[in-house]
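Secondary and tertiary structure notes
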Amino acid sequence: MPATEDDWSTRHSVRTTARRTAALVNVLADDGCAPAAVAEVLLAHGENAPVVLDPDDIAQMRAAADELREVFAAGTTEGAATVLNRLLREHTGTLRLTSHDGESPWHPHLDRRDDAPWGEWLLASSCMALAVLVWDRQRPPGGICASGSCRNVFVSQGSGPERRYCSRRCATRERVAAHRRRESGEEPAEAGGFAR
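Throughout what follows, the structure given in this document is the object of discussion. Since this is a predicted model, take the numbers as computed values, not measurements. (Residues numbered from 1 in each chain as written. Predicted model: local features only at pLDDT ≥ 70, side-chain atom pairs only at ≥ 80, totals over all residues. Heavy atoms only, no water.)

Some points on the packing of aromatic side chains
Given two aromatic rings, one states the distance between the centres and the angle between the planes to describe the pair. Overall, the coordinates contain one aromatic pair when judged by the stated rule. For the ring pair W118 and W121, a centre distance of 5.3 Å and an interplane angle of 90° mean the geometry is edge-to-face. Residue W118 and its partner W121 are both found in helix α6 (residues 118-137); the two are separated by three residues, about one turn of the helix. Accessibility expressed as a relative area gives 11% for W121, which makes it buried. (Phe/Tyr/Trp six-rings, centres within 6.5 Å; stacked < 30°, edge-to-face > 60°. Helix = DSSP H or I, 4+ residues; strand = E, 2+ residues; numbered from the N terminus. Buried < 20%, exposed > 50% of the residue type's maximum accessible area, 1.4 Å probe, protein only.)

The structure is reproduced here in structure tokens:
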């Protein structure tokens, strides 16, 4: 049964697509990630079941995720825009509208066709969402967790202070570690402030 416009717009908004991008970049960073783990992320972010992936799909998606990680690592708006422009130039087709043969409301795609391989789809849809976030916010769309024990990427929440950590868990872990270093005399007292 086709998705309603309200359902589709909630599940496939720019912000949701950007969050899906971050979740896929993170799960695909694990060299041993199984197709089932990637399918679980796709289903959690609005893809219709069943999601069938094979090892070749995962290899293509991992290559796309590695390229997308560069956007999160850019650190500046200009850097993110530069990486996105390169990815758009090298890996996407022209902007087109599709309804997937009436199975969804009309929406834009940058992959070359509706049945494009998973890696092409991931790169194209992610580039579009991240580019819109740069355009809308005039700042990088996200970053890489500042915790030394984490390499996850995250999507910025919008206005407010610059986010440094992928989760409250990482931010708390770093605050606790800094507090322990200060208590043991390994770190000056003024070096403990962390923004979320």
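Brief notes about the environment of H45
Inspection of the secondary structure puts H45 in the loop between α3 (35-44) and α4 (55-73). On the accessibility criterion, H45 (21% relative accessible area) is partly exposed. Along the sequence, H45 and R19 sit 26 residues apart, while their C-alpha atoms lie 8.2 Å from each other.

Notes on the environment of W121
Each C-alpha atom, one on W121 and one on M61, is 8.7 Å from the other, the two residues being 60 residues apart in sequence. With residues up to four places along the chain from it excluded, the contact list for W121 reads R20, L42, E47, H109, D111 and S126. (Contact = heavy atoms within 4.5 Å.)

Some words on the packing of α4 against α6
It is at 7 Å that the axes of α4 and α6 come closest, and there the two elements cross at 20°. Between α4 and α6, the interaxial angle falls into the category roughly parallel. As for the relative orientation of α4 and α6, their crossing is right-handed in sense. The segment α4 lies against α6, with D57, Q60, M61, A64, A65, E67, L68, V71 and F72 engaging W118, G119, L122, L123, S126, C127 and L130. Split into classes, the residues belonging to the contact of α4 with α6 amount to eleven nonpolar, three polar and two charged. (Axes fitted to C-alpha atoms, helices over the stretch in contact; angles between N-to-C directions. Parallel < 35°, antiparallel > 145°, perpendicular 65-115°, else oblique. Left-handed = near helix turned anticlockwise from the far one by under 90°. Nonpolar A, V, L, I, M, F, W, Y, C, P; charged D, E, K, R; others polar.)

Digging into the pattern of salt bridges
For the structure on display, the rule yields seven salt bridges. The partner of E120 in a salt bridge is R112, with the nearest N and O atoms 3.7 Å apart. A relative accessible area of 17% places E120 in the buried class. Residue R112 is classed as partly exposed on the basis of its relative accessible area, which comes to 48%. Among the ionic pairs, R113 bridges to D115, the shortest N-O distance being 2.8 Å. We classify R113 as partly exposed; its relative accessible area is 40%. A relative accessible area of 57% places D115 in the exposed class. Members of the salt-bridge network, linked through shared partners, are E67, E70, R86 and E90. (Salt bridge = Lys/Arg side-chain N within 4 Å of Asp/Glu carboxyl O.)

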